[in-house]
Amino acid sequence: GENVEQHPSTLSVQEGDSAVIKCTYSDSASNYFPWYKQELGKGPQLIIDIRSNVGEKKDQRIAVTLNKTAKHFSLHITETQPEDSAVYFCAAIKGSYIPTFGRGTSLIVHP
Amino acid sequence: SQTIHQWPATLVQPVGSPLSLECTVEGTSNPNLYWYRQAAGRGLQLLFYSVGIGQISSEVPQNLSASRPQDRQFILSSKKLLLSDSGFYLCAWTGAQNTEAFFGQGTRLTVV
C-alpha cells in the first residue's frame, strides 16, 4: 500500500519567514495530493491541493510543488504569520482508495 | 453543499462505560466514510472505513466497533471503554475519485 513520509515533525520560524514542509510517497499511481491545516481542537481543513498533471500550484501565500519522478511534494508558506501556527498534514490519494496521510508537522510562528 | 456533522464535541466517560459517537454527512450520496483517532503525537490513525451501508472494514484490532446503518450515517461504539481509548476522534468522508477528504470537527474523548 501507499506510504507517506512527512518532514519535519516540528518547524519553528519567525514571523515573516518562509516555511517549507516536505512529503514523499511510495505509490507512483497516487495522483491527488491535498494539504490540510488543523488548528487546536478542530478537524483538519483543506488548504491547497495538487493533481499529478500539474507541477506547481499557488494560492496567495501558500504554494505546493510536485515532483512525480522523485515522488515528493512540498508545501511552501511565505511571509508567515502567527495565525499560520497549526499542524499541517499532507496526503496522497489514488483513485477512490483510502487517503494516506503523513504524520503531521507542527508549525510554530513566533511573533 | 456538502457538510459533515460529528457529535458530541467533548465527552468524559468512566472506564467500563459504553460509547456512541455519531457522524452524519449531508449533500452527497454513497460517500466513503472513515473514523480516525488522533492521540498525542498528532498522527491520524485510521480505525474504520466504510464504502457502503453495512460494509465496515477495521484497520486495527481494538476495543471499538463501527456501524453504518444508513448511507450517510457512521457510528463509532464501544461496549466498555478503556483508559487507552482516550483521544481525539475524527469522522471523515470522501466522494468520487481523486477528491479531498472532508473532516468533522472531532470529539475529544476522555476516559476517567
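Only a predicted model underlies this, so the values are computations on that prediction, with no experimental measurement involved.

## Some points on the pairing of strand S3 (residues 19-25) of chain A
All names here are of chain A.
- Here S3 shows a buried face lined by Ala19, Ile21, Cys23 and Tyr25 and an unburied face lined by Val20, Lys22 and Thr24.
- Pairing geometry for S3 and strand S8 (residues 72-77), over 6 bridges, is antiparallel. Along S8, the bridge assignment pairs valine 20 with histidine 76.

## Section: the sheet that holds strand S7 (residues 65-70) of chain B
All names here are of chain B.
- Taken together, the 4 strands give an open sheet; going across it, the order is S1-S3-S8-S7, and neighbouring strands pair in antiparallel fashion. Two strands lie at the open edges of the sheet, namely strand S1 (3-7) and S7, each paired on one side alone. Averaged over all adjacent pairs, the angle separating strand axes in this sheet is 20°, with direction ignored.
- Direction of pairing for S1 relative to strand S3 (residues 19-26): antiparallel, over a ladder of 5 bridges. Looking across to S3, one finds that tryptophan 7 is bridged to glutamate 22.

## Quick word on the interface of chain B and chain A
- The interface of chain B with chain A comprises 21 residues on the first partner and 27 residues on the second.
- Between chain B and chain A, a total of about 1,900 Å² is buried, with carbon and sulfur atoms accounting for 55% of that surface.
- At the boundary of chain B and chain A, one finds 0 salt bridges.
- Between the two partners, chain B and chain A, sit 3 residue pairs in polar contact (both at pLDDT 80 or more).
- For the side of chain B that touches chain A, the secondary structure elements donating two or more residues are strand S4 (32-38), strand S5 (45-52) and strand S9 (87-94) of chain B.

## Focus: the sheet that holds strand S1 (residues 4-7) of chain A
All names here are of chain A.
- Strands sit in the order S1-S3-S8-S7-S6 across an open sheet of 5 strands; the sheet is antiparallel. Two strands in the sheet have a free side with no partner beyond their single neighbour: S1 and strand S6 (56-59). Averaged over all pairs of adjacent strands, the angle between their axes in this sheet comes to 15°, without regard to strand direction.
- Inspection of the sheet shows S1 paired to S3 by 4 bridges, in the antiparallel sense. The residue bridging glutamate 5 from the neighbouring strand is threonine 24, located in S3.

## Some thoughts on the environment of phenylalanine 102 of chain B
Residues and elements named next belong to chain B.
- Turning to its location among the elements, phenylalanine 102 is positioned in strand S10 (residues 102-103).
- For the pair phenylalanine 102 and threonine 3, spaced 99 residues apart in the sequence, the C-alpha separation amounts to 8.2 Å.
- Aside from chain neighbours lying at most four places away, what touches phenylalanine 102 is Ile4, Cys91, Ala92 and Trp93.

## Quick notes on the environment of isoleucine 4 of chain B
Residues and elements named next belong to chain B.
- By the secondary structure assignment, isoleucine 4 is in strand S1.
- By relative accessible area, isoleucine 4 is classed as buried at 16%.
- For the pair isoleucine 4 and tryptophan 93, spaced 89 residues apart in sequence, the C-alpha to C-alpha distance is 8.1 Å.
- Contact partners of isoleucine 4, with chain neighbours within four places excluded, come to Cys23, Thr24, Val25, Cys91, Ala92, Trp93, Phe102, Phe103 and Gly104.

## Considering the pattern of salt bridges
All names here are of chain A.
- This structure, assessed with the given rule, holds 7 salt bridges over all chains.
- Between lysine 42 and glutamate 39 there is a salt bridge, and its shortest N-O distance comes to 3.7 Å.
- Judged by relative accessible area, glutamate 39 falls into the partly exposed class, the value being 34%.
- Between arginine 61 and aspartate 84 there is a salt bridge, with its nearest N and O atoms 2.9 Å apart. In this pair, arginine 61 sits in the loop between S6 and strand S7 (62-67) while aspartate 84 sits in the loop between S8 and strand S9 (86-92), placing the two residues 23 residues apart along the sequence.
- One connected set of salt bridges, linked through shared partners, spans Lys37, Glu39 and Lys42.

About the thresholds
- Residues numbered from 1 in each chain as written.
- Chains lettered and ligands numbered in written order.
- Predicted model: local features only at pLDDT ≥ 70, side-chain atom pairs only at ≥ 80, totals over all residues.
- Heavy atoms only, no water.
- Buried < 20%, exposed > 50% of the residue type's maximum accessible area, 1.4 Å probe, protein only.
- Helix = DSSP H or I, 4+ residues; strand = E, 2+ residues; numbered from the N terminus.
- Pairing = 2+ DSSP bridges.
- Axes fitted to C-alpha atoms, helices over the stretch in contact; angles between N-to-C directions.
- Contact = heavy atoms within 4.5 Å.
- Buried area = accessible area lost by both parts, 1.4 Å probe.
- Salt bridge = Lys/Arg side-chain N within 4 Å of Asp/Glu carboxyl O.
- Polar contact = N/O pair within 3.5 Å; in protein donor to acceptor, adjacent residues only side chain to side chain.

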